[in-house]
Each structure stands twice: as C-alpha cells, then as structure tokens.
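# Coordinate analysis (summary)
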Amino acid sequence: MIEGLILPIPQRLQFIRVTICISLVVSILLSLNLWAGERFFPHAAVYETAFIKAPYDYFIVGSFLFMLIGSLFLKKHRLLIFLALLIGTAMVLIDMNRLQPWFYIYCSFLFVLVFYNGRIDDANKFTSFFIVLQLIFCSFYIFNGISQFNSFFVETDFPELISPLKKMMSERQFLFIKKIGVFIPYTLLFIGFGLLIRPIRYLAITFAVIFHALLILFLFPSASNQNYAMWFSNIAFIPLLFLLFSGKTKQRYYSPTLLLQFPLFYLIIFLFWIMPCFNQQNIWPDNLSANLKSGNRNTVSITFTKNVLDKLPNYVKHFCVQSGSQYSLDYAAWCRHELHANCYTEAITFNKIYGYIQSETQANVNDLQMEVKPKQNILFKP
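Now for a description of the structure that goes with this document. (Residues numbered from 1 in each chain as written. Predicted model: local features only at pLDDT ≥ 70, side-chain atom pairs only at ≥ 80, totals over all residues. Heavy atoms only, no water.)

## Side note on the overall build of the protein chain
- Helix and strand content of the protein chain: 16 helices and four strands.
- Structurally, the protein chain occupies a C-alpha span of about 70 × 55 × 35 Å along its principal axes.
- Across the 382 residues of the protein chain, 51% fall into the buried class.
- Taking all contacts inside the protein chain whose residues are at least 6 apart in sequence as the whole, residues at least 24 apart take part in 73%.
- Roughly 19,300 Å² of accessible area belongs to the protein chain as shown, and the carbon and sulfur atoms make up 65% of that amount. (Helix = DSSP H or I, 4+ residues; strand = E, 2+ residues; numbered from the N terminus. Buried < 20%, exposed > 50% of the residue type's maximum accessible area, 1.4 Å probe, protein only. Contact = heavy atoms within 4.5 Å. Areas by Shrake-Rupley, 256 points an atom, 1.4 Å probe, with all protein chains shown as cover.)

Quick look at the structure:
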C-alpha cells in the first residue's frame, strides 16, 4: 500500500505557508519589471489617480517582499502576511496586469492561512483550513480543463506549447503528438477530481507530477517563453501537491459536515467553484480563476498610420507589424517581452494602451483606431 508523505496536518500547513511565501518572492523577482522600475507598457490603474513612479515604486514592492520574507522568521507572521496582502492588493489596483493567475492563487492561499492561528489542539479547525486549501488547489486543474474544451486550444495553444518538438521529429510524428491535445482537458479534469477522491488520489498525483514536469520543460525560459513566473509556478506546484494530498490528510474523527460551520468554506466555494463557471460568458475574469487557456478571450486590433508609427518610441516600434498601408500593435508580445507576464485582456488595459499611443503621438481618430475582435459585451472607449 502506498503511504505517501508522513506529516501531520499542522506541520503541512506550516510548510505550505513557507512554500507559498518563497514562491511569491521568486515570482516577483522573475517579473520585476511588472512591479517596479521604468517601463513603456502603460499601467492599467483602476482609479484615475497619480501612482508612485519609478524609482520610488521599488519601495512598495520592497515592502511587500520584506513582509513575506519576515513572515518566515518572525513570530508575528500572520500580521506580516496580512500587511503583505494589503500591499499586494494596492499594487494590483495600480496596475491590473499584475493580477496574474499565479499571484491570485498564491495570495488566496496566504489569505486562508492568515486566519489559522497555528493551534494543534483543535483538529476540526486545522483540518477545515487544510480542506479549503485543497479545494483552491483542485479548482486550478478543473477549470483549466473545462476552459480548454475549445478549438482555439487544440489548434493554436497546444501546438504552440509543443513547438520545440518540431526540431526533434518528423512532420507526421509532430501531427500525431498534436492530436494528443484533445486529451489534455480530460487529463486536467481527472487530476482535479481525482485529488479529491481518496481511492484514486495516488493516480491523480502521478498524472499531476508528469503534467507539471512536462510544462517545466516546454515552458523553460527562452525568447519564445518569456513568462518566467508562470514557468516557475509549475515548480512550486509540485511540493504543494504532495503537501496537500500525499499520505494521510484526514483526521480519524473529522466529519466533512464540519465544513458547513466554517465561514471561509463558503467564500472559497463562491470564488473558486461558482464564479469561474462564468468565465465563458465573460462575466468573471479568467485571471480570477487561474484559467490560463480560456477560449473566451477579449482581443482588440489597434491600427494606425505611418505618421503615428514614426512618433512612437523605438522600443514600441519593435512590436508593430505592417499590414498594407496600416500598422498594428502586438500588445501581447509587448507585455510578455517587457514585463515577463501575460497582458490582462480586459477593457481597462486596452483603453490604457490606446490612450498611451494617442498621448505619445497626438493622433486623431482617423490615424489611430481600436476595434474589438470579436465584439464582446464590454465597454470600450472609442
């Protein structure tokens, strides 16, 4: 019989907290341009107020990192994590592009752990916290699996992911591997639900480790894979996987009905199991569900004339593509290259990009246009 990891739940919760804090620190450093320093890509601020500009914004991110690192060594770790979450919320409000799936997942874990006082004499309490973390973790696989039941993932995202294999095999072999993409959503759903079902949990853990190991290889930092923090999240997920599901993870006399008396349980069910169902209807943002490859994407086409192009900074020109007499901006590549993160594909970001180009070039509506592709039921500025 496979026993798995032999650790009591209170100890697991401590290791999970440490793992999350270290992962957040590393991920912030891997995408530092997103959080502080000079940059061309505009901030997508929620409120139209002046934000702290470089280099003073390093103080904010430095405070965030200091709180996380301090929580690893000081007794008042819950207070430090709470303050870090407040600073993290402020940083996201200053720029919504910072609401990356990994940041949302990590901070959600820390939010739950803030309420855990570390006591080991109340099995009902610490087991409830532990199960809530399991539910957050499993939602990552389940809703990513659901979102990938679309032709865009099979025909575009998956072939792009496995593109390094083209150099190692023939075209026929690559096409065969490409067809395997249709099984990815089923695999993710099996992992997500399998982790919650004790008799098949060991199989789900095995599939999850293989899944993340492959992503670590295929998403290895390169010129084509510039989302370094997302790549690192696959490394972080492996220890979290074992801490959350390997071995004995249930107290002998614990009843799941006790979760119904646990207020945090309802909040997590709402945020991670109900609202992500509305991703496809464009009611709930993908970034608030760790939904990495949803087929329901908001995209825009920002086109302009040669006169506008000439007035743009040389760095931004690098991401402009000519199409006939017009030019278009590849804002997604711009964001990945400069900020090492995926663009937050909502109206607030697109409007800021449009406004940035307009302010830099003083272009009129005839020279600079933005068109929604496909049209979504969201408000865009002209």
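## Digging into the side chain of T303
- Looking at the secondary structure, you find T303 in strand β1 (residues 299-304).
- T303 has contacts with Q326, Y327, S328, D367, L368 and Q369, leaving out every residue within four places of it along the chain.

## Digging into the layout of surface pockets
- Space inside the second largest pocket adds up to approximately 490 Å³.
- Lining the second largest pocket are 22 residues; nearest its centre among them are T89, Y104, C107, S108 and F111.
- Taken together, the elements giving at least two residues each to the lining of the second largest pocket come down to α4 (77-94), α5 (101-114) and α12 (263-274).
- Residue composition of the lining of the second largest pocket, grouped by class: 19 nonpolar, three polar and no charged. (1 Å grid on protein atoms, 1.4 Å probe; cavity = no way out; pocket = protein on both sides within 12 Å on 5 of 7 lines; lining within 4 Å. Points joined across faces, edges and corners; volume = space filled by probe spheres on them. Nonpolar A, V, L, I, M, F, W, Y, C, P; charged D, E, K, R; others polar.)

## Observations concerning the packing of helix α6 (residues 123-147) against α12
- Running from amino to carboxyl end, α6 crosses α12 at an angle of 5°, the nearest separation of the two axes being 10 Å. By the angle class used here, α6 and α12 are roughly parallel. Contacts from F129, V132, L135, I136, C138, S139, I142 and F143 of α6 reach α12 at L264, F265, I268, I269, F272 and W273.
- For the contact of α6 with α12, the residue count by class is 13 nonpolar, one polar and no charged. (Axes fitted to C-alpha atoms, helices over the stretch in contact; angles between N-to-C directions. Parallel < 35°, antiparallel > 145°, perpendicular 65-115°, else oblique.)

## Some details on the pairing of strand β3 (residues 326-329)
- Burial of the side chains of β3 is restricted to one face: Y327 and L329 are buried, whereas none of Q326 and S328 on the reverse face is.
- In this sheet, β3 lies alongside β1 in antiparallel orientation, the contact comprising two bridges. Bridge pairing in β3 links T303 to S328.
- Of the strand pairs in this sheet, strand β2 (residues 320-323) and β3 are connected by four bridges, and their pairing is antiparallel. Of the residues in β3, the one forming a bridge with S323 is Q326.
- The antiparallel pairing of β2 with β3 creates a hairpin that spans two residues between the two strands, and G324 there sits at a positive phi of about 70°. (Pairing = 2+ DSSP bridges.)

## Topic: unusual backbone geometry
- One non-glycine residue with positive phi stands out, namely H340, at about 55°.
- Structurally, the position occupied by H340 is in the loop between α15 (331-339) and α16 (347-361).
- Despite not being glycine, Q362 shows a phi value in the positive range, around 55°.
- Residue position: Q362 is located in the loop between α16 and β4 (368-373).

## Things to note about the packing of aromatic side chains
- Counted by the stated rule, this structure contains 24 aromatic pairs.
- Pairing F140 with Y141 gives two aromatic rings, centres 5.2 Å apart and planes at 90°, and the pair type is edge-to-face.
- In this structure F140 comes out as buried when scored by relative accessible area, which is 11%.
- Overall, Y141 belongs to the buried group, its relative accessible area being 0%.
- Each residue in the set W35, F64, W102, F103 and Y106 is aromatic and connected to the rest through ring pairs, giving one cluster. (Phe/Tyr/Trp six-rings, centres within 6.5 Å; stacked < 30°, edge-to-face > 60°.)

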